[in-house]
Amino acid sequence: MRRRRPIPPSPLPQREGVDPVRVRLPAGEQWATVGEHLVRRLAAGAGVVDGMFAAGLIVGADGRAVPADTPYAPGMFLWFHRELPDEVPVPFPLVVVHRDEHIVVVDKPHFLATTPRGSHVTQTALARLRRELGIPELGAAHRLDRLTAGLVLFTVRPGERGAYQTLFRDRLVHKEYEAVARYDPALELPRTVRSRIVKERGVLTAGEVGGEPNAVTRVELAGHRPDGLGRYRLVPGTGQTHQLRVHMNALGVPILGDPLYPVVTGPVPAGDFRRPLQLLARKLEFTDPVTGVEHRFSSLRTLGAWSSYEEWSAGQ
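The sections below set out a description of the structure shown in this document. All of these numbers come straight from a predicted model, not from anything done at the bench. (Residues numbered from 1 in each chain as written. Predicted model: local features only at pLDDT ≥ 70, side-chain atom pairs only at ≥ 80, totals over all residues. Heavy atoms only, no water.)

**Brief notes about the side chain of His142**
Looking at the secondary structure, you find His142 in the loop between β5 (139-140) and β6 (149-155). Polar side-chain contacts of His142 include one of 2.9 Å to the backbone nitrogen of Leu153. Once you skip the residues sitting within four places of it in the chain, His142 turns out to touch Thr114, Leu151, Val152, Leu153, Phe168 and Leu284. (Helix = DSSP H or I, 4+ residues; strand = E, 2+ residues; numbered from the N terminus. Polar contact = N/O pair within 3.5 Å; in protein donor to acceptor, adjacent residues only side chain to side chain. Contact = heavy atoms within 4.5 Å.)

This is the structure we're talking about:
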């Protein structure tokens, strides 16, 4: 059995905390040149790709520019930087609640994506932390939705990232969330919600379908007020996409500020940071797989609709 060729280190530095794109030319394909393959693969248009080659922006493992007419060689590695999109800065701080030689735990604000994806690249927690902390090798151990605030775990050393990611995969991390939604006195709580949630690629929302449950959430009422609002404690036993939002909606108490459940609203203009989703990753507890330390972290953020519904609803 042939051993897979090791991945060489990137010859390009990060840009604004964002890694360069790495491409490996696949075997089993017939192309005359590297340029022909990338024009087809990147779907950016021949003019764009040709321009990158002409400017020397596509390099090989030695850091030298690769000409477009370089003969196609299966297994060859290439690197380049994508053009960074124009992004409206997310005007809220990332609060570091813990930092040691192995991990960084931050209290993420609403509206900030965890890792670069789609139109959110430099305005992400990962890219900002790499810049602000000066740790270019920082990586995310898990992700939190862009609209959800709260605790996120990052790893300092790439060789240890897998150990922390395994904690989340094996459900060895205790997570608690807080949400604000309408108070329904007829809703019997606490209860454990079990259902099967499916999120199809290209579809904004996830949905519950028949079949073996793959999503489990413990829902408790932490308090309610005369104005009809309830504060809920949510403890997920699984990590399906939009799980907490789907389960709260299924109970008839969708989370305030949710643009997808129960109905999809129109797209929010870039820079509109009003009425954030009232969902917060409040607690994160686990045994450190590297040091053995018992970690217990709590977010110090508050949900605006609970502390001042009038200001939150007015979009202040």
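Picking up where we left off.
**Examining empty space enclosed by the protein**
Per the counting criterion, the structure on display carries 1 cavity of 30 Å³ or more. Estimates place the volume of the largest cavity at around 30 Å³. Taken together, His142, Leu151, Lys175, Tyr177, Ala281, Lys283 and Leu284 make up the full set of residues lining the largest cavity. Those elements that provide at least two residues to the lining of the largest cavity are β7 (174-182) and β12 (279-287). Broken down by element, the residue count for the lining of the largest cavity peaks at 3 residues, all from β12. Its residues placed into classes, the lining of the largest cavity shows 4 nonpolar, 1 polar and 2 charged. (1 Å grid on protein atoms, 1.4 Å probe; cavity = no way out; pocket = protein on both sides within 12 Å on 5 of 7 lines; lining within 4 Å. Points joined across faces, edges and corners; volume = space filled by probe spheres on them. Nonpolar A, V, L, I, M, F, W, Y, C, P; charged D, E, K, R; others polar.)

None of the figures reported here should be taken as evidence of function without further support.
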